[in-house]
Amino acid sequence: MSTVTDANEAAGLPDFPGERSPRCPFDPPADYAKWRGEEGLQRAAWNGHTVWVVSRFEDIKAAMTDPRISADVVGRLQGEKQTEGAPPIFARLDDPEHARLRRMLTKDFTVRRVQAMRPHIQETVDDFLDRMIDKGQPADIVRDFALPVPSLVISLLLGVPYADHELFQQYTSVMMSLHRPQEERTAATKGLFGYLRELVARKDVEPGDDLISRLLRDHVAAGDIDRDTVAMNGHILLNAGHETTANMIALSTLFLLRNPDDLARIRDTDDPAVVAGAVEELLRHLTIVHSLVARVAVEDVTIGGQPIKAGEGLVINLPAGNWDPAFLADADVFDIGRSARGHVAFGHGTHQCIGQTLARAELEIALPTLLRRLPNLQLAVPFEELRFRGDMSIYGVHELPVTW
């Protein structure tokens, strides 16, 4: 991936991701539609590097399935494999090693396992709503509901004590910031990894009924992986497992408050298929993962008519792809009744989000339960005063004060 070293070049490039329009913070930046319509791919500055931004739906699918394009971005920044001695991260590996490590994790994220978890997710949602209501008005949906629900769910699945949630959420906040100094983000990453290493050591002595204990029992003991690999991939799952779903719950709630007819359809239906369809359209329309899906070409390749040289980086523009009219007619319109299946909010190909089934279940339970229990839910502050997460890799809203 080519590093931006020429100040003139960097100054002349648009930043990715771009700033959202203050007029409609639910929409992708206006530049994305222009980029989709241009020939080839857009050149942009991302994380201190010059990259190609892939914005068309079909180009995104092509880039995410072409074996000449690697997920090992970190390791290939200097033209090498992952840093010598560093534990492998399954999401940053290519097949077959990616598939080998991913198979060790998927048992805890299957449709069958998530279906079995649904009663527990419902109990968790009800419990945090009880606490929020008992505490009184106004409440912050982010702090009191959207963040603790998926944090507790992923903590229990991994075997992480929920009592430590403030610590790992603090680390995650720094890691996801686009504007914090790199040394702070690196320190937060190391801090969370260190915490997981200590937890793995404790699980080795006192195992439980959780993913980390299972990996130790089934794969570390067999010599398939080592303890640091368990810690590193637990780090990734813990981070992604609460941050993305929390922001989807909060941003979806705000979007529905601004679109009361759609809110009423979700609140008043007793058809799970209607709720599931609404969640898919929310995932597509809001697409909160902006700049995390990066790739690097390992051979010369052409994507979207754009020649890309070996060693050059790509960033996958998921929001632009999900709003591509070549994917859906009237893709800029939110339509709760349409089938949005096939969207790329969770990525595409073998590297699709491993936790997508769990995320869907959490959204399908959290949103209608919130809207039914608090039918008079409304903002406690003017909409214009809300602070959106344009400064973060995962989009959302920083706080969401409400009354009911």
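Above this note sits the structure.
Now for a look at the structure at hand.

About the cut-offs
Residues numbered from 1 in each chain as written. Predicted model: local features only at pLDDT ≥ 70, side-chain atom pairs only at ≥ 80, totals over all residues. Heavy atoms only, no water. Helix = DSSP H or I, 4+ residues; strand = E, 2+ residues; numbered from the N terminus. Expected span 1.5 Å × (residues − 1). Buried < 20%, exposed > 50% of the residue type's maximum accessible area, 1.4 Å probe, protein only. Pairing = 2+ DSSP bridges. 1 Å grid on protein atoms, 1.4 Å probe; cavity = no way out; pocket = protein on both sides within 12 Å on 5 of 7 lines; lining within 4 Å. Points joined across faces, edges and corners; volume = space filled by probe spheres on them. Nonpolar A, V, L, I, M, F, W, Y, C, P; charged D, E, K, R; others polar. Phe/Tyr/Trp six-rings, centres within 6.5 Å; stacked < 30°, edge-to-face > 60°. Lys NZ or Arg CZ within 6 Å of the ring centre and 35° of its normal. Arc of directions from axis to C-beta. Contact = heavy atoms within 4.5 Å. Axes fitted to C-alpha atoms, helices over the stretch in contact; angles between N-to-C directions. Left-handed = near helix turned anticlockwise from the far one by under 90°. Polar contact = N/O pair within 3.5 Å; in protein donor to acceptor, adjacent residues only side chain to side chain.

1. Points about helix α16 (residues 356-373)
Helical geometry: 3.6 residues make up each α-helical turn, so side chains three or four residues apart lie on a common side. Its 18 residues place the ends of α16 26 Å apart at the C-alpha level, agreeing with the 26 Å of an ideal helix rising 1.5 Å per residue. Counting buried residues in α16 gives 15 out of 18 residues, a clear majority hidden from the surface.

2. Quick notes on the sheet that holds strand β4 (residues 139-140)
Taken together, the 3 strands give an open sheet; going across it, the order is β4-β10-β9, and neighbouring strands pair in antiparallel fashion. Each edge of the open sheet is held by one strand with a lone partner, namely β4 and β9 (378-379).

3. Regarding unusual backbone geometry
A cis amide bond links Phe-16 to the next residue, Pro-17, at an omega of 0°. Structurally, Pro-17 can be placed in the loop between α1 (7-11) and α2 (31-37). Omega for the bond connecting Gln-137 with Pro-138 falls within 30 degrees of zero, at -10°, which places this linkage in the cis form. In this fold, Pro-138 is placed in the loop between α6 (111-135) and β4.

4. Considering the layout of surface pockets
What the second largest pocket holds in volume is close to 590 Å³. Along the walls of the second largest pocket sit 27 residues, with Val-142, Arg-143, Leu-147, Gln-169 and His-398 positioned nearest its centre. Those elements that place two or more of their residues in the lining of the second largest pocket are α6, α7 (141-146), α9 (165-176) and α12 (227-257). A class-by-class count of the residues in the lining of the second largest pocket yields 10 nonpolar, 7 polar and 10 charged.

5. Some details on the packing of aromatic side chains
Taken as a whole and assessed by the stated rule, the structure comprises 11 aromatic pairs. Ring geometry for Phe-388 and Tyr-395: centres 6.2 Å apart, planes at 15°, overall stacked. Classification of Tyr-395 by relative accessible area gives buried; the value is 1%. Each member of the aromatic cluster is reached from another via a ring pair, and the members are Phe-26, Phe-255, Phe-334, Phe-383, Phe-388 and Tyr-395. In this arrangement the basic side chain of Arg-43 is found over the ring face of Trp-52, its NZ or CZ atom lying 4.2 Å from the centre. The ring of Phe-383 carries Arg-258 above its face, with NZ or CZ at 3.8 Å from the centroid.

6. Regarding helix α13 (residues 260-268)
The complete set of buried residues in α13 reads Asp-262, Leu-263 and Ile-266. Buried residues of α13 fall within an arc of 105° about the axis and therefore sit on the same side. Facing away from the buried side of α13 by more than 90 degrees, the exposed set consists of Pro-260, Asp-261 and Asp-268. On the buried face of α13, the contacting elements are α12, α14 (272-286) and α16.

7. Comments concerning the packing of α6 against α16
One way to put it is that α6 packs onto α16 with a least axis distance of 9 Å and a crossing angle of 35°. As for the relative orientation of α6 and α16, their crossing is right-handed in sense. Listed contacts from α16 to Val-111, Val-114, Met-117, Arg-118, Ile-121, Gln-122, Val-125, Asp-126, Leu-129, Asp-130, Met-132 and Ile-133 of α6 are Thr-357, Leu-358, Ala-361, Glu-362, Glu-364, Ile-365, Ala-366, Thr-369, Leu-370 and Arg-373. A breakdown of the residues in the contact of α6 with α16 according to their chemical character gives 13 nonpolar, 3 polar and 6 charged.

8. A short note on the sheet that holds strand β3 (residues 69-70)
In spatial order, the strands read β1-β2-β8-β5-β3; together these 5 strands make up an open sheet with mixed pairing. With one partner strand each, in any of the chains shown, β1 (42-46) and β3 form the two edges of the open sheet. Alignment of β1 against strand β2 (residues 49-54), held across 5 bridges, turns out to be antiparallel. The partner of Trp-46 across the bridge, within β2, is His-49.

9. So, the environment of Ala-86
Structurally, Ala-86 can be placed in the loop between α4 (73-76) and α5 (97-106). Owing to a relative accessible area of 36%, Ala-86 belongs among the partly exposed residues under this scheme. Expressed as a C-alpha distance, the spacing of Ala-86 and Ala-222, which sit 136 residues apart in the sequence, is 20 Å.

10. Side note on the side chain of His-351
When you line up the elements, His-351 lands in the loop between α15 (318-322) and α16. Its relative accessible area of 18% is what places His-351 among the buried residues. Only 3.4 Å separates the side chain of His-351 from the side chain of Thr-350, close enough to count as a polar contact. Apart from the residues within four sequence positions on either side, His-351 is in contact with Ala-71, Phe-90, Ala-91, Leu-93, His-98, Arg-102 and Arg-295.

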